[in-house]
Amino acid sequence: MSRPPLLIESPQNAQFKLWESALDGRGLKKNGKFLLAGLKTVPEALRQHPERFERLLFTDPTQVAGWTLPAGVDPVQLAPALFRILDVSGTGFPLLVGNVPRMPMIDLSRPPQGLELLCALGDPNNLGALLRSAAAFGASRVVLLEGAAHPFHPKCLRAASNAQFALTLLRGPRWAEVNAAAGPLYALDGGGADLTRFDWPADMRLILGEEGQGVPADCPARRLSVPTTGAVESLNATVAASVALFARFATLRH
């Protein structure tokens, strides 16, 4: 690494406190910074999406001695105790500081374009897993309904494995406004029609409700379900959504 790193040793440092705020949803919304961790995801994101990042954080300079950083990414060496605070995944590997992208509000009065996934998942681990499946199976846009977890929460980033950077992420409204969305509008529901027999349209909105609560009863979406043996009462919301996304992807490929 040709550029000498900035050294930060105090927990009262303004930059450190800014990065620390990225560890929870409120700080993410207020300050617009996120932290990416992972032995695989950090080098991959730095290589494929360098424009999204501004700092590389580390505590051991030997870890990054051979790294070539893009022009816009500056190296920062943290005192070990400070690095451990930010390294909530416990990887010990350098962290990337990025800027949360602008996520515009969707206009649900307009018809869907491709597969738009409307999501209310509040658990960042579940949301991350869903984003990974959405990117893998061709969702064009993911709409985060009010109450959904932040897509750049550290747990969501870890579970998504850089899927956030391959998706168009939009903010969505409250449930009452979803009811008036332009169609076609569908929802995953245990009592719905067998989705393996469903003729998937190219343009549609698929709704995934909150964990345990599902989609409100008054939502006018057509219900679809994943057929099972019945040995369990229901599937995890993210698993059900992944199955549905794959079913649509496989159908439209042929």
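Remember, predicted model here, so these are calculated numbers, not experimental data.

J.: What is the right way to look at the pattern of salt bridges in this model?
T.: Oppositely charged side chains can form a pair if their charged atoms are brought close together. Counting across every chain of the model gives eight salt bridges. Between Glu116 and Arg141 there is a salt bridge whose closest N-O contact spans 2.7 Å. With Glu116 in strand S6 (residues 115-119) and Arg141 in strand S7 (residues 141-144), the pair connects residues that are 25 residues apart, well separated along the chain. A salt bridge links Arg197 to Asp194; the nearest nitrogen and oxygen atoms lie 3.6 Å apart. Counted as one network, the salt bridges with shared partners bring together Glu116, Arg141 and Arg205.

J.: Honestly, the pairing of strand S10 (residues 204-208) in this entry has me stumped. Any pointers?
T.: Here is the key point about a regular strand: its side chains alternate between the two faces of the sheet. For S10, the buried fraction is high: five of the five residues fall into the buried class. Burial of S10 is two-sided: the residues Met204, Leu206 and Leu208 facing one way and the residues Arg205 and Ile207 facing the other way are all buried. Taken together, the five bridges between S6 and S10 define a ladder with parallel strand orientation. By the bridge assignment for S10, Glu116 is matched with Arg205. Inspection of the sheet shows strand S9 (residues 185-194) paired to S10 by three bridges, in the parallel sense. Considered in S10, the bridge of Leu185 is made with Arg205.

J.: Quick question: what am I supposed to make of the environment of Leu252 here?
T.: Position of Leu252 among the secondary structure elements: in helix H8 (residues 237-253). Between the alpha carbons of Leu252 and Ala202 there is a distance of 7.8 Å; along the sequence they are 50 residues apart. If sequence neighbours within four positions are ignored, Leu252 has contacts with Trp200, Pro201 and Ala202.

J.: How should the layout of surface pockets be read in this particular structure?
T.: Take a probe with the size of a water molecule and roll it over the atoms, and the empty space left behind shows itself. As a volume, the largest pocket reaches approximately 450 Å³. Around the largest pocket sit 21 residues that line it, and Asp189, Gly190, Ser234, Leu235 and Ala240 are the ones nearest its centre. For the lining of the largest pocket, the elements supplying multiple residues, two or more each, are S9, strand S11 (222-225) and H8. Per-element tally for the lining of the largest pocket: the top contributor is S9, with three residues. Taken together, the residues of the lining of the largest pocket break down into nine nonpolar, eight polar and four charged. Here the second largest pocket defines a volume of roughly 320 Å³. Along the wall of the second largest pocket there are 18 residues; nearest its centre are Lys29, Leu144, Leu145, Ala148 and Arg171. A class-by-class count of the residues in the lining of the second largest pocket yields 10 nonpolar, three polar and five charged.

J.: Can you help me understand a nonpolar patch on the surface in this one?
T.: A contiguous nonpolar surface patch, about 280 Å² in accessible area, is contributed by Val232, Leu235, Val239 and Val243. Relative to the helices and strands, Leu235 resides in the loop between S11 and H8.

The rules behind the values
Residues numbered from 1 in each chain as written. Predicted model: local features only at pLDDT ≥ 70, side-chain atom pairs only at ≥ 80, totals over all residues. Heavy atoms only, no water. Salt bridge = Lys/Arg side-chain N within 4 Å of Asp/Glu carboxyl O. Helix = DSSP H or I, 4+ residues; strand = E, 2+ residues; numbered from the N terminus. Buried < 20%, exposed > 50% of the residue type's maximum accessible area, 1.4 Å probe, protein only. Pairing = 2+ DSSP bridges. Contact = heavy atoms within 4.5 Å. 1 Å grid on protein atoms, 1.4 Å probe; cavity = no way out; pocket = protein on both sides within 12 Å on 5 of 7 lines; lining within 4 Å. Points joined across faces, edges and corners; volume = space filled by probe spheres on them. Nonpolar A, V, L, I, M, F, W, Y, C, P; charged D, E, K, R; others polar. Patch = residues over 30% accessible without salt bridge, like charges linked within 9 Å, V, L, I, M, F, W, Y side chains within 5 Å. Areas by Shrake-Rupley, 256 points an atom, 1.4 Å probe, with all protein chains shown as cover.

Any functional reading would require information that these geometric values do not contain.
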